[in-house]
Amino acid sequence: MSLKLNLKYAGDSAGKEALASMKDEVSAAFGKLKNGTGAGSDYLGWLDLPVNYDKSEFARIKSCAEKIKSDSQALVVLGIGGSYLGARAVIEFVKSNNYNLISKDTPDIYFGGNTLSSYSLAELIKLVEGKDFSINVISKSGTTTETAVAFRVLKKIIEDKYGKEEAAKRIYVTTDKSRGALKALADKENYQTFVVPDDVGGRYSVLTAVGLLPIAVAGIDIDALMSGAAYAREKYASDDSPENDACKYAAVRNLFYRSGRKIELMVSYEPSMLMWNEWLKQLYGESEGKDGKGLFPSSVIFSTDLHSMGQYIQQGERLMFETVIWVNSPIEDVDVPFDSDNGDGLNFLAGKTMHYVNSKAFQGTILAHTDGDVPNIVIELDRQDEYNLGQLIYFFEIVCALSGYILGINPFDQPGVESYKKNMFALLGKPGYEQEKEILEKRFI
């Protein structure tokens, strides 16, 4: 049970000679990662996380998940960026993008605190109205605006509904282990707490309590998820191994970047992988987009987006390459029936499965796009389950780190995201920003 990297459709830029030319750079990047000598080395906790995770906290996560399943019809997860994308991606990948509509034995899971939209928050309030619900608020500092505002609102609602003492038993906090506004509040109110590790950045945190509590509430096997990641950790432990597809993929991405392919288009053929693509976009965008460098991560779901983006991909400016994730065995399948009238002319498909039809769309699209000079990298996965997904998560995390070091940047910081926050705080009138407020307001006159 293993994922496979297929470079058959990637062109000469990913051929043996091109990969050989990258060997020294890949080896140097791998050494920085494994030895902790590269930029951002304080945030390498994810490397050994699949085997060195806190086993007692892991057990508490499963215990709390069972409690939430027993006393709640819904779980509200409040967090932004890495504090929610990973959990939502896993839930939809393993279960369905229609999880809340089809879940029978597990609570609905609503994600909030990731926008400042008034309508979105009002809708969330309506969704939990009349339901027994719990809250999992996720923030290392406790002061992230989007999450903190939503928690302030939902905290009042849950306390009004159950009373402060009972509400405290339904609020689960994932935050810093010892400091910060949210940790202080959790200690004061006696909330159950889980730790955001100091050495794991937000976009790498899906396999920590940040992601695992909501994932477990959805009835997903988190032991299998961690086992898959542990398998990948062992598989990609040496850059000398010819089986190290992570090193190959990191090299190919940089080769494409240097040849002028500045956009990486993440392609999936399952709608349930939409949020997976969003997780990938944060992982790559926040890790690589700095110092005027970095591939721009974009995404599509085929065959749906072939009817909207397909024309540009086929014949537009040659700016991109595609990274396609293909799952060999679907979660469920459907047979195409015979129709005696055959008004749609599709009886040639009768008796075939929808997955078979989808596989031919996958093959036909790759051939068309490569004929149109869009290189394709294919990552094949056996099944869309926890074990395979654990491998996939770790694979992309290590590729991202290696790619960043090859690119010559720190793949673990994100200084650029602070700029909008400073402007927003000033315009909102936050104390201490008075001078900036006056300057910024004049720019809008």
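Everything discussed here concerns the structure shown above.
Computed from a prediction, not measured in an experiment: that's the story for all the values here.

Q: Requested: an account of the overall build of the protein chain, with residues and values cited.
A: Assigned secondary structure in the protein chain consists of 19 helices and 10 strands. Against the compact-globule benchmark of 22 Å for 445 residues, the protein chain has a radius of gyration of 23 Å, which places it among compact chains. Taken along its principal axes, the extent of the C-alpha atoms in the protein chain is 60 × 60 × 55 Å. Evaluated residue by residue, the protein chain yields a buried proportion of 51% over its 445 residues. Counting only contacts in the protein chain whose residues sit at least 6 apart along the sequence, the fraction spanning at least 24 positions is 78%. For the protein chain, the exposed surface amounts to about 20,300 Å²; the carbon and sulfur share of it is 50%. Charge separation in the protein chain, taken as the distance between the mean sites of 49 positive and 61 negative side-chain charges, equals 4 Å.

Q: With reference to specific residues and values, describe the nonpolar core.
A: The biggest cluster of nonpolar side chains holds 97 residues, and the ones touching the most others in it are L33, W46, W276, W279, L392 and F396. With 14 residues, helix 17 (residues 386-407) is the largest single contributor of residues to this core. Apart from the residues lying within four places of it in its own chain, the contact partners of W279 are L85, G86, A89, R203, V206, I393, F396 and E397. Counting residues in hydrophobic clusters, the runner-up holds 21 residues, among them A74, L78, V128 and I171.

Q: Quick one: what's the story with the packing of aromatic side chains, residue by residue and with numbers?
A: For the coordinates displayed, the defined rule picks out 22 aromatic pairs. Relative to W326, the ring of Y269 has its centre 5.6 Å away and its plane inclined at 80°; by these criteria the two rings are edge-to-face. Taken together, the positions of Y269 in the loop between strand 7 (263-268) and helix 14 (274-288) and W326 in strand 9 (residues 320-329) put the pair 57 residues apart, joining distant regions of the chain. Across this residue pair, the class does not change: Y269 and W326 are buried. An aromatic cluster is built from F93, Y236, Y249, W276, W279, Y284, F395 and F396, whose rings are joined through pairwise contacts. In this arrangement the basic side chain of K262 is found over the ring face of Y257, its NZ or CZ atom lying 4.0 Å from the centre.

Q: Could you give an account of the pairing of strand 5 (residues 171-175), naming the residues involved and the relevant values?
A: Among the 5 residues that make up strand 5, 5 are buried, leaving the element largely enclosed by the rest of the structure. Across the two faces of strand 5 the burial is the same, with I171, V173 and T175 and Y172 and T174 all buried. Pairing between strand 4 (residues 133-138) and strand 5: 4 bridges, direction parallel. Its bridge partner lying in strand 5, I135 is registered against I171. Pairing analysis gives 4 bridges linking strand 5 to strand 6 (residues 192-195), with the strands arranged parallel.

Q: Hey, could you go over the sheet that holds strand 7 for me, with residue numbers and the actual values?
A: Strand order across the open sheet formed by 5 strands is 1-10-9-7-8, with mixed pairing between neighbours. Because the sheet does not close on itself, it has two edges, and the strands there are strand 1 (4-6) and strand 8 (296-301). Neighbour to neighbour, the strand axes of the sheet diverge by 20° on average, direction disregarded. Pairing analysis gives 7 bridges linking strand 9 to strand 10 (residues 376-383), with the strands arranged parallel. Counted as the bridge partner of T323 is I377 from strand 10. Packing against the sheet, helix 14 makes contact with strand 7, strand 8 and strand 9, and its axis sits at approximately 175° to strand 8.

Q: Describe the packing of helix 12 (residues 222-235) against helix 17, naming the residues involved and giving the relevant values.
A: Relative to each other, helix 12 and helix 17 sit at 45°, their axes nearing to 6 Å. By the angle between their axes, helix 12 is oblique relative to helix 17. The handedness of the crossing between helix 12 and helix 17 is right-handed. In this structure, helix 12 contributes A224, L225, S227, G228, A229, Y231, A232 and R233 to the contact, and helix 17 contributes E386, Y387, L389, G390, Q391, I393 and Y394. Split by residue class, the contact of helix 12 with helix 17 holds 9 nonpolar, 4 polar and 2 charged.

Q: Describe in detail the pattern of salt bridges, supporting the description with residues and values.
A: In the structure shown here, the tally under the stated rule is 29 salt bridges. Measuring nitrogen to oxygen at the nearest pair gives 2.9 Å for the salt bridge that ties D160 to K156. Taken as a pair, D160 and K156 lie in helix 8 (residues 145-162) at a separation of 4 residues, close to a single helical turn. On the basis of relative accessibility, which here comes to 55%, the residue D160 falls in the exposed class. K156 sits in the exposed class, given a relative accessible area of 52%. Overlapping salt bridges, with partners in common, bring together K67, D71, E166, K169 and R170 in one network.

Conventions we followed
Residues numbered from 1 in each chain as written. Predicted model: local features only at pLDDT ≥ 70, side-chain atom pairs only at ≥ 80, totals over all residues. Heavy atoms only, no water. Helix = DSSP H or I, 4+ residues; strand = E, 2+ residues; numbered from the N terminus. Rg over C-alpha atoms; globule rule 2.2 N^0.38 Å. Buried < 20%, exposed > 50% of the residue type's maximum accessible area, 1.4 Å probe, protein only. Contact = heavy atoms within 4.5 Å. Areas by Shrake-Rupley, 256 points an atom, 1.4 Å probe, with all protein chains shown as cover. Lys, Arg positive; Asp, Glu negative; His and termini not counted. Charge placed at Lys NZ, Arg CZ, Asp CG, Glu CD. Core = buried A, V, L, I, M, F, W, Y, C linked by side-chain atoms within 4.5 Å. Phe/Tyr/Trp six-rings, centres within 6.5 Å; stacked < 30°, edge-to-face > 60°. Lys NZ or Arg CZ within 6 Å of the ring centre and 35° of its normal. Pairing = 2+ DSSP bridges. Axes fitted to C-alpha atoms, helices over the stretch in contact; angles between N-to-C directions. Parallel < 35°, antiparallel > 145°, perpendicular 65-115°, else oblique. Left-handed = near helix turned anticlockwise from the far one by under 90°. Nonpolar A, V, L, I, M, F, W, Y, C, P; charged D, E, K, R; others polar. Salt bridge = Lys/Arg side-chain N within 4 Å of Asp/Glu carboxyl O.

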